[in-house]
Amino acid sequence: CLVVRVCVRLVFTQSNPLASLHPSLSEHPPPNLPIMAASHQISKKRKFVADGVFQAELNEFLMKELAEDGFSGVEVRPAPTRTEIIILATRTQSVLGEKGRRIRELTSVVQKRFNFADGAVELFAEKVAHRGLCAIAQCESLRYKLLGGLAVRRACYGVLRFIMENGAKGCEVVVSGKLRAQRAKSMKFVDGFMIHSGDPCRHYIETAIRHVLLRQGVLGIKVKIMLPFDPEGKQGPKKPLPDVINILDPKDADDQTPLVPRSESKPVPQLQQPMPPQQMQQQQQQMQMPPQQLQQQMM
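All figures in this text were calculated on a predicted structure; none of them were measured in a lab.

Re the nonpolar core
Judged by nonpolar contacts, the single largest core of 25 residues is most densely connected at L142, L146 and V173. Excluding anything up to four places from it in sequence, V173 contacts L142, C156, L160, M187, K188, F189, K222 and V223. Residues L58, V76, I103 and L123 belong to the second largest nonpolar core, which totals 21 residues.

Following this line, the structure appears as structure tokens:
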């Protein structure tokens, strides 16, 4: 029975070319028609669910495959003729490989896994503009420092200092697990200004979580970075914080604004005196009279 299972496993691995590149791709069979390659009409609910599953599985695969190359996220841009997948990384040359060999292998794997037609999907590598403000890149950097045997405090303070030197407004690093003794605990390292609630968290806060498999157990890493305000939108969001107050500079001296406070007297408008009652009665009688009689009185 054991021999039969081993043989079946070997046959399945050889028939599935995805297993040679990554073992997780051989565990789950590919879907019948993924949303990116589907040509028939489906409901909007199924479309959004399929898009989310596609993004999650693609991100997990690239995160495991390109962890050593500074993988910092993936972006999917569906076009009318093809689907473009942009891989954000700190070392793009390692992602491309020698003469573009590795990026072609990744393209072939994604195409076979999600049933894309030939030439319907293309992968690109893009370098992260500001590595110090990317939470995923710094979380991976801290992970490899801990895997290399560096002390937790020294590694966390090094990452914290690097993030703040690159212009971040605030940073928070949390490491939890069996750090030294058998008793698990959590250590938090904070620097700068950090917000924790409200709508600005969606625009200003970048968060990344990773796990480190060490000999004594699993450590959890969480990195939060508060981005700075940038009117151009390159390093941070364009939208300012709602509690920020800008004090404008005073106007030029050419204006007629008085430099010394002074008081001016303005004439008070006179109120009309009330009409005597006899005159009011006469006016009312004149208004009630016919127009011919009123003309005779005027003459």
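Read on, since the account is not over.
Section: the pattern of salt bridges
Where charged atoms from two side chains of opposite charge approach closely, those side chains can pair. Counted according to the given criterion, the structure contains 13 salt bridges. Where D69 meets R102, a salt bridge forms, and the shortest distance between an N and an O atom there is 2.5 Å. Placement of D69 in the loop between α3 (44-65) and β1 (71-78) and of R102 in helix α5 (residues 101-113) is noted, with a sequence separation of 33 residues between them. With a relative accessible area of 8%, D69 lands in the buried category. Between R101 and E105 there is a salt bridge, and its shortest N-O distance comes to 3.4 Å. Remark: E105 and R101 occur in helix α5; sequence separation between them is 4 residues, near one turn of the helix. One network of salt bridges, in which partners are shared, links R82, E84 and E122.

Quick look at the confidence of the model for the protein
For the protein, the average pLDDT comes to 82, and 83% of its residues sit at 70 or higher. In this model residues 1-21 is a low-confidence stretch, pLDDT under 50, and it forms 15 contacts with partners more than four residues away in sequence or in other chains. Contacts from residues 29-39, a stretch scored under 50 in pLDDT, to residues over four places away or in other chains number 24 contacts.

Details of α5
Between its first and last C-alpha atoms α5 spans 18 Å; for 13 residues at 1.5 Å apiece the expected length is 18 Å, and the two agree. The complete set of buried residues in α5 reads I103, L106, T107, V109, V110, Q111 and R113.

Here we look at the packing of aromatic side chains
One pass over the structure, following the stated rule, counts 3 aromatic pairs. Both rings, one in F54 and one in F114, keep their centres 4.7 Å apart while their planes meet at 75 degrees; by these two values the pair is edge-to-face. Here the residue F54 occupies a position in helix α3, and F114 occupies one in the loop between α5 and β3 (121-127), the gap between them amounting to 60 residues. Ring centres of Y157 and F189 lie 5.0 Å apart, and the angle between their planes is 75 degrees; on these two criteria the pair is classed as edge-to-face. Pair noted here: Y157 is in helix α7 (residues 152-165) and F189 is in strand β5 (residues 185-192), with a separation of 32 residues, a long-range link. A connected cluster of aromatic rings, assembled from ring pairs, spans F54, F114 and F116.

Here is what the cut-offs are and how they apply
Residues numbered from 1 in each chain as written. Predicted model: local features only at pLDDT ≥ 70, side-chain atom pairs only at ≥ 80, totals over all residues. Heavy atoms only, no water. Core = buried A, V, L, I, M, F, W, Y, C linked by side-chain atoms within 4.5 Å. Buried < 20%, exposed > 50% of the residue type's maximum accessible area, 1.4 Å probe, protein only. Contact = heavy atoms within 4.5 Å. Salt bridge = Lys/Arg side-chain N within 4 Å of Asp/Glu carboxyl O. Helix = DSSP H or I, 4+ residues; strand = E, 2+ residues; numbered from the N terminus. pLDDT = per-residue confidence, 0-100. Expected span 1.5 Å × (residues − 1). Phe/Tyr/Trp six-rings, centres within 6.5 Å; stacked < 30°, edge-to-face > 60°.

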